Number of protein chains: 2
Amino acid sequence: MSEPIEFFFDFSSPYGYLAQCASKRIEDESGRALVFRPYLMGAVFKETGRAPLKNHPLVWDYAQNDVARSARRSGVPINLPDPFPVITAGACRAFYYIQNTEGDTPARELARQLYEAYFVDGKNISKSDVVIDIASKGRDSQLIQAGLTDESMKLKLREITAEAISRGIFGSPFFIVDGEPFWGHDRIDEVIDWANSGGW
Amino acid sequence: MSEPIEFFFDFSSPYGYLAQCASKRIEDESGRALVFRPYLMGAVFKETGRAPLKNHPLVWDYAQNDVARSARRSGVPINLPDPFPVITAGACRAFYYIQNTEGDTPARELARQLYEAYFVDGKNISKSDVVIDIASKGRDSQLIQAGLTDESMKLKLREITAEAISRGIFGSPFFIVDGEPFWGHDRIDEVIDWANSGGW
């Protein structure tokens, strides 16, 4: 059986959101499962001295237009939120908590809801109460709250950041197909081709 | 008649080289002419505080693999040169000198030769004697040498850098189609679609 495709992303990344919207298509066209791996790009920036898009004025002007244009091309709604970017440690912890307790499918559905809350509805998902509100639909909010502050979830996030750096992963979205790294929403067709062809 | 597509690039940019290799395809598939506009990305970096790919270790590791992979996908040869990147003021001046004295077609052919010298044959095109050697084929090398040091060519480069900054152009390749900016070799299909459809 073919190996799954790893999908690294940051919940504060607009291109990560667009890639998440394409996740079903990637799986359908590649015949591979996607493994969702949210992480904190900011933690990698700190290690590598890089800075968010917004810190580079010309790039940021370009990116705002490009994000909107890319979303229109994909037929996906997007509203660039304010504040942006935000630190999404709580969103990541909620994801991994649901993954641990309920499995991949509910965790992926939560990822979709978190992205949509931020990039469509403009909710500030850096705030714990916002994350708890989203993750608590159909669940005991006390348990979610406990999960968010659980030491093992904090450790999980530190581990995935360290893993990203050690494996050369720094962006969002960032895909790994059979060991081959692909950075960017605009590489989705290459991800699919690589998965199908075994590379070129 | 449709407006031409502006094609900004730096002679030291591997993705600019790959885009130049695709220039005929872009023109054929878009039904538009390309206007070649070499410039010095480094001068824009200075203004905007950005840094070359090579200064970010994780990004640079990724980019070396991605450049080679993108070239294989396009069926184009590439050898990442050493030293890299280099300052290509002389190459730009030679391009504009030939454009002024002989017109667009010979200037484009020179651009192709300069890119090939650097990214296929590993010649250091930051050196004046290398640029003069390439540009002098079938020409009087004394005239080329005079062109490279001509004040009007130096002014041309300062002007195009200022123009790039004022128009929000910062990368290589960077295309403008009917006022719409597209950054990156991986946006070539979008450039063609935008030119054909009038946008989305």
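The paragraphs below set out a description of the structure included in this document. Every value quoted in this text rests on a predicted model; they were computed, and no experiment measured them.

## Points about the overall build of chain A
Here comes step 1: Along the backbone of chain A there are 10 helices and four strands.
Here comes step 2: Taken over C-alpha atoms, the radius of gyration comes to 16 Å for chain A, in line with the 16 Å a tight globule of 200 residues would show.
Here comes step 3: Viewed in the frame of its principal axes, chain A has a C-alpha envelope of about 50 × 45 × 35 Å.
Here comes step 4: Here chain A, with 200 residues, has 52% of them falling under the buried criterion.

## Considering the environment of Gly179 of chain A
Residue and element names in this part refer to chain A.
Here comes step 1: Its location among the elements puts Gly179 in the loop between β3 (174–177) and β4 (180–183).
Here comes step 2: Residue class for Gly179 comes out exposed when judged on its relative accessible area of 60%.
Here comes step 3: Expressed as a C-alpha distance, the spacing of Gly179 and Ile125, which sit 54 residues apart in the sequence, is 31 Å.

## Remarks on the packing of aromatic side chains
Aromatic rings considered in pairs are described by the distance between their centres and by the relative angle of their planes.
Here comes step 1: On inspection of all chains with the given rule, the structure shows 44 aromatic pairs over all chains.
Here comes step 2: Where Tyr62 of chain A meets Trp183 of chain B, the ring centres are 5.9 Å apart and the plane angle is 80°; that geometry is what we call edge-to-face. Of the two residues, Tyr62 of chain A is situated in helix α4 (residues 57–74) and Trp183 of chain B in strand β4 (residues 180–183); the pairing between them involves two chains.
Here comes step 3: The class for Tyr62 of chain A is buried, based on a relative accessible area of 6%.

## Looking at the side chain of Thr161 of chain A
All names here are of chain A.
Here comes step 1: You can see Thr161 is positioned in helix α9 (residues 151–166).
Here comes step 2: Look at Thr161 and you get buried, because its relative accessible area is 11%.
Here comes step 3: Here Leu157 takes part through its backbone oxygen, which lies 2.9 Å from a polar atom of the side chain of Thr161.
Here comes step 4: The contact partners of Thr161, leaving out residues within four places of it in the chain, are Ala43 and Val44.

## A few points about the relation of the copies chain B and chain A
Here comes step 1: With an RMSD of 0.0 Å, the fit of chain B onto chain A corresponds to turning through 180° and sliding 0.0 Å along the axis. What we have between these two chains is a two-fold relation. Every residue of chain B has its C-alpha some distance from the rotation axis, and the shortest such distance is that of Asp186 of chain B, at 3.4 Å.
Here comes step 2: Comparing contact sets, 100% of the residues at the interface of chain B also lie at the interface in chain A, consistent with an isologous, same-surface contact.

## A look at unusual backbone geometry
All names here are of chain A.
Here comes step 1: Residue Phe84 is joined to Pro85 through a cis peptide bond whose omega torsion reads -15°.
Here comes step 2: Note that Pro85 resides in the loop between α4 and α5 (89–102).
Here comes step 3: Along the chain, Ser172 connects to Pro173 via a cis peptide bond; the corresponding omega equals 0°.
Here comes step 4: Assignment of secondary structure puts Pro173 in the loop between α9 and β3.
Here comes step 5: With a phi close to 50°, Asp178 is a non-glycine residue in the positive phi region.
Here comes step 6: Checked against the element boundaries, Asp178 lands in the loop between β3 and β4.
Here comes step 7: When its relative accessible area of 44% is taken as the criterion, Asp178 is described as partly exposed.

## Quick notes on the layout of surface pockets
Here comes step 1: The space that makes up the second largest pocket amounts to roughly 790 Å³.
Here comes step 2: Contributing to the lining of the second largest pocket are 28 residues, with Asp186 and Asp189 of chain A together with Asp186, Arg187 and Asp189 of chain B lying nearest its centre.
Here comes step 3: Among the secondary structure elements, those contributing two or more residues to the lining of the second largest pocket are α1 (14–21), α4 and α10 (188–197) of chain A together with α1 (14–21), α4 (57–74) and α10 (188–197) of chain B.
Here comes step 4: Considering only residue class, the lining of the second largest pocket consists of 10 nonpolar, six polar and 12 charged.

## Looking at the environment of Gln99 of chain A
Residue and element names in this part refer to chain A.
Here comes step 1: Relative to the elements of secondary structure, Gln99 occurs in helix α5.
Here comes step 2: Sequence separation between Gln99 and Leu110 is 11 residues; the distance between their C-alpha atoms is 9.5 Å.
Here comes step 3: Once residues lying within four places of it in the same chain are set aside, the contact partners of Gln99 are Phe36, Asp104 and Ala107.
Here comes step 4: Side-chain polar atoms of Gln99 contact the side chain of Asp104, separated by 2.8 Å.

## Quick word on the pattern of salt bridges
Here comes step 1: Taken as a whole and assessed by the stated rule, the structure comprises 40 salt bridges over all chains.
Here comes step 2: The salt bridge partner of Arg69 of chain A is Asp66 of chain A, with a shortest N-O separation of 2.9 Å. Within this pair, Arg69 of chain A and its partner Asp66 of chain A are both found in helix α4, separated by three residues, close to a single helical turn. Each member of the pair, Arg69 of chain A as well as Asp66 of chain A, carries the same accessibility label: buried.
Here comes step 3: Taking the shortest distance from any N to any O, the salt bridge between Arg187 of chain B and Asp186 of chain A comes out at 3.1 Å.

## Some thoughts on the pairing of strand β1 (residues 5–9) of chain B
Moving residue by residue along a regular strand, the side chains alternate between the two faces of the sheet.
Residue and element names in this part refer to chain B.
Here comes step 1: Counting buried positions along β1 gives five out of five residues, so the element sits mostly inside the fold.
Here comes step 2: Alternating positions in β1 separate into two faces, Ile5, Phe7 and Phe9 on one and Glu6 and Phe8 on the other, with burial throughout.
Here comes step 3: For β1 and strand β2 (residues 34–38), the ladder comprises five bridges, and the chain directions are parallel. Along β2, the bridge assignment pairs Glu6 with Val35.
Here comes step 4: Where β1 lies against strand β3 (residues 174–177), three bridges are found, and the strand directions are antiparallel. Among the inter-strand pairings, Phe8 is bridged to a residue of β3, identified as Phe174.

Rules and cut-offs
Residues numbered from 1 in each chain as written. Chains lettered and ligands numbered in written order. Predicted model: local features only at pLDDT ≥ 70, side-chain atom pairs only at ≥ 80, totals over all residues. Heavy atoms only, no water. Helix = DSSP H or I, 4+ residues; strand = E, 2+ residues; numbered from the N terminus. Rg over C-alpha atoms; globule rule 2.2 N^0.38 Å. Buried < 20%, exposed > 50% of the residue type's maximum accessible area, 1.4 Å probe, protein only. Phe/Tyr/Trp six-rings, centres within 6.5 Å; stacked < 30°, edge-to-face > 60°. Polar contact = N/O pair within 3.5 Å; in protein donor to acceptor, adjacent residues only side chain to side chain. Contact = heavy atoms within 4.5 Å. Least-squares fit on C-alpha atoms with pLDDT ≥ 70 in both. 1 Å grid on protein atoms, 1.4 Å probe; cavity = no way out; pocket = protein on both sides within 12 Å on 5 of 7 lines; lining within 4 Å. Points joined across faces, edges and corners; volume = space filled by probe spheres on them. Nonpolar A, V, L, I, M, F, W, Y, C, P; charged D, E, K, R; others polar. Salt bridge = Lys/Arg side-chain N within 4 Å of Asp/Glu carboxyl O. Pairing = 2+ DSSP bridges.

Spatial relationships are all this shows, so hold off on functional conclusions.
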